[in-house]
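The residues making up each chain are set out below.
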Amino acid sequence: MTGHVSFYAQVTANFDKAAALTQYPKGLLDQIKECNSVYRMAFPIERDNGDIEVIYSWRAEHSQHKLPTKGGIRFAPDVNEDEVMALAALMTYKCAIVDVPFGGAKGGIKIDRRNYSQSELERITRRYTYELLRKNFIGPGIDVPAPDYGTGPKEMSWIADTYSTLAADKLDAMGCVTGKPIPQGGVRGRTEATGRGVYFGVRECVNLGEDMKALGLSTGVSGKRVVVQGLGNVGYHAAKFLQEAGAVLVGLAEYEGAIANPDGLDLEQVMAHRRETKSILNFKGATNLPNPQAALELDCDILVPAALENQITKENAPRVLAKVIAEGANGPLTAEAGEILNQRGALILPDMYLNAGGVTVSYFEWVKNLSHVRFGRMEKRFEERAYRKLLQASESLTGKKLTEAEVAEYTGGPSEEDLVNSGLEETMISSYRQIREVRLKHPAKPDLRTAAFISAIDKIVTSYNDLGIFP
Ligand code: GLU
């Protein structure tokens, strides 16, 4: 790895590259790019042994062009202001690309969660929420956090509970955070959403024959050789859905090491091995790689970096062999690494499109919270009955009778999970087509990331109509 790389500077560099290909006034582009508000908090918590410890944390709201602002909260030892600003900016563009009506935000608490007990984590999360509330940095119409690296449904339930206890408006209080457990107002399918979205995005990309031909690849996910870096919520689910669709996982990496097997690794068996031995290494039939980063350089068709930012830099980019780089993580490539890979003809599926499945389903959860009704509740029986009538009509026309099991299979109305997954699939497919279209139509034929930025900028500009500017 090279020395410290400012993540915010990377996002800005990518933005500027796209902005130069638009006709908008500089001042407006500057306003879109700028991170509007950053709140830094330091607060004390009591450790289980009675010690007092100061906790450092941030919340950045990049853009309020649509409200609420939206984005996860990460718990990591090296969280810093530059990082949350960069991640908040990515959220703004991400939401615009997938037509989710939010501005971008991100939060972070500078802790290594492995060093804290459950009750300490609860005290930290609740105090953080309290601090946000005091400064008007949280609320269903203000700023809505979600899970990110190092956080999950449990932390979200502490946030929801703290907020709703203190909030003046209790009616919509559950909409103050997404990624909650189902009984606390969560939506089915949110946990898998980012990984599932990565899968839908990759599938859409590799199904386009023309693009695959240019890369020298066949169409379809089946048989594609895939390497995944990071087996957290995003990487694990992306790997799972890709493997289920017939992809071959030839390499997997975690922070303790990486393994490879050109004949494929069984994901569930690797996960079981890791739970048992506390390491991914020494998995039966696989080769241990010298270090985790080595997985990025394996011979494969699709590389899915799904861990943290700045993993591929100008130093290791020339050794990356994958033809498709599918950014599951936020910012896994530096701007320079992106240039090197574009030059070499690789296709980069940019983070702000590819991992937008999480915030897309967060949007569905927020809508559910504000509408106070589960998706599918109104139409499930109605649709079942309509399908049943259709089947009966075709039975009487053909004179053939289906078994009760067949009837049940064909007439089942949609559950909440079916609807969420269908909304996610539609979003990932149509957004990919949109950014690809922008790329093909633009005289400069920019790379997909630049096309995604142009698409986002076009959409955000419409929110500044009060300045008299129309795209
Ligand atoms: N942390 C996720 C992201 O980076 C999800 C954010 C959300 O659901 O608001 O996109």
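Residues numbered from 1 in each chain as written. Predicted model: local features only at pLDDT ≥ 70, side-chain atom pairs only at ≥ 80, totals over all residues. Heavy atoms only, no water.

### Remarks on unusual backbone geometry
- Omega for the peptide link from Leu-67 to Pro-68 comes to 0°, which places this bond in the cis form.
- With respect to the helices, strands and loops of the structure, Pro-68 is situated in the loop between β2 (52-61) and β3 (69-75).
- Even without a glycine there, the phi angle at Asp-99 is positive, about 55°.
- Among the secondary structure elements, Asp-99 is positioned in the loop between α3 (81-97) and β4 (103-109).
- Taking the relative accessible area as the measure of exposure, Asp-99 reaches 49% and is therefore partly exposed.
- Non-glycine residue Asn-282 carries a positive phi angle of around 60°.
- In this structure, Asn-282 sits in the loop between α9 (267-277) and β9 (287-288).
- We classify Asn-282 as exposed; its relative accessible area is 59%. (Helix = DSSP H or I, 4+ residues; strand = E, 2+ residues; numbered from the N terminus. Buried < 20%, exposed > 50% of the residue type's maximum accessible area, 1.4 Å probe, protein only.)

### Focus on the environment of Leu-391
- Relative to the elements of secondary structure, Leu-391 occurs in helix α13 (residues 380-398).
- On a C-alpha basis, the gap between Leu-391 and Val-84 in space is 54 Å, while along the polypeptide they are 307 residues apart.
- Every residue in contact with Leu-391, bar those within four places of it in the chain, is listed here: Leu-402, Val-407, Tyr-410 and Thr-411. (Contact = heavy atoms within 4.5 Å.)

### With respect to the site of the ligand
- Taken together, the neighbourhood of the ligand is formed by 14 residues, with Lys-70, Lys-94, Lys-106, Asp-148 and Ser-362 sitting nearest.
- Side-chain polar atom of Lys-94 to an oxygen atom of the ligand: 2.8 Å apart, as the coordinates give it.
- Measuring from an oxygen atom of the ligand, one finds a side-chain N or O atom of Arg-190 at 3.0 Å.
- Expressed as a share of its isolated accessible area of 290 Å², the protein-covered part of the ligand is 95%. (Near = heavy atom within 4 Å. Polar contact = N/O pair within 3.5 Å; in protein donor to acceptor, adjacent residues only side chain to side chain. Areas by Shrake-Rupley, 256 points an atom, 1.4 Å probe, with all protein chains shown as cover.)

### Section: the side chain of Glu-327
- Take Glu-327: it is sitting in the loop between β11 (324-326) and α10 (335-343).
- Setting aside residues no more than four positions away along its own chain, Glu-327 makes contact with Pro-305, Pro-332, Leu-333, Ile-348, Leu-349, Pro-350, Asp-351, Leu-354, Asn-355 and Arg-449.

### Re the sheet that holds β4
- Pairing within the open sheet is mixed, and its 5 strands lie in the order β1-β2-β4-β3-β5. Each of the sheet's edge strands pairs with one partner strand only, and the pair in question is β1 (37-46) and β5 (143-147). Within this sheet the neighbouring strands show an average axis-to-axis angle of 20°, counted without direction.
- Sheet topology note: the β3/β4 ladder contains 5 bridges and is parallel. Among the inter-strand pairings, Lys-70 is bridged to a residue of β4, identified as Gly-104. (Pairing = 2+ DSSP bridges. Axes fitted to C-alpha atoms, helices over the stretch in contact; angles between N-to-C directions.)

### Some remarks on the sheet that holds strand β8 (residues 257-260)
- Spatially, the 7 strands line up as an open sheet ordered β9-β8-β7-β6-β10-β11-β12, and their pairing is mixed. Strands with a single pairing partner mark the edges of an open sheet, and in this sheet they are β9 and β12 (347-349).
- Sheet topology places strand β6 (residues 225-229) next to strand β10 (residues 302-305); 4 bridges connect them, and they run parallel. Across the sheet, the residue bridging to Val-227 is Leu-303, located in β10.
- Its contacts with the sheet put helix α8 (residues 233-244) on β6, β7 (248-254) and β10, and the angle it makes with β6 is roughly 165°.

### Looking at the environment of Asn-355
- By the element assignment, Asn-355 lies in the loop between α11 (351-354) and α12 (357-371).
- Between the alpha carbons of Asn-355 and Val-198 there is a distance of 5.8 Å; along the sequence they are 157 residues apart.
- In this view, Asn-355 contacts Lys-94, Thr-194, Glu-327, Gly-328, Ala-329 and Asn-330; residues no more than four positions away in its chain are not counted.

### A short note on the pattern of salt bridges
- A full pass over the atoms with the stated rule returns 40 salt bridges.
- With a closest N to O distance of 2.9 Å, Glu-155 and Arg-113 form a salt bridge. Here Arg-113 lies in the loop between β4 and α4 (118-134) and Glu-155 lies in helix α5 (residues 153-166), a separation of 42 residues in the sequence.
- Here Glu-155 falls in the buried class, since its relative accessible area comes to 4%.
- Where salt bridges share partners, they join Arg-74, Glu-83, Lys-106, Asp-148 and Glu-309 into one cluster. (Salt bridge = Lys/Arg side-chain N within 4 Å of Asp/Glu carboxyl O.)

### Digging into the packing of aromatic side chains
- Applying the stated rule across the entire model yields 10 aromatic pairs.
- Geometrically, the ring pair formed by Phe-102 and Tyr-363 is edge-to-face, given 5.8 Å between the ring centres and 90° between the ring planes. Linking Phe-102 in the loop between α3 and β4 with Tyr-363 in helix α12, this pair joins segments that are 261 residues apart in sequence.
- Judged by its relative accessible area of 23%, Tyr-363 falls in the partly exposed class.
- Taken together, Phe-102, Tyr-363, Phe-364 and Trp-366 form an aromatic cluster joined through their ring pairs. (Phe/Tyr/Trp six-rings, centres within 6.5 Å; stacked < 30°, edge-to-face > 60°.)

### A word on the pairing of β2
- Note that β1 and β2 share 10 bridges and pair antiparallel. Bridging from a neighbouring strand, Tyr-39 pairs with Arg-59 of β2.
- Linking two consecutive strands that pair antiparallel, namely β1 and β2, is a turn of 5 residues; a positive phi of about 95° is found at Gly-50 within it.

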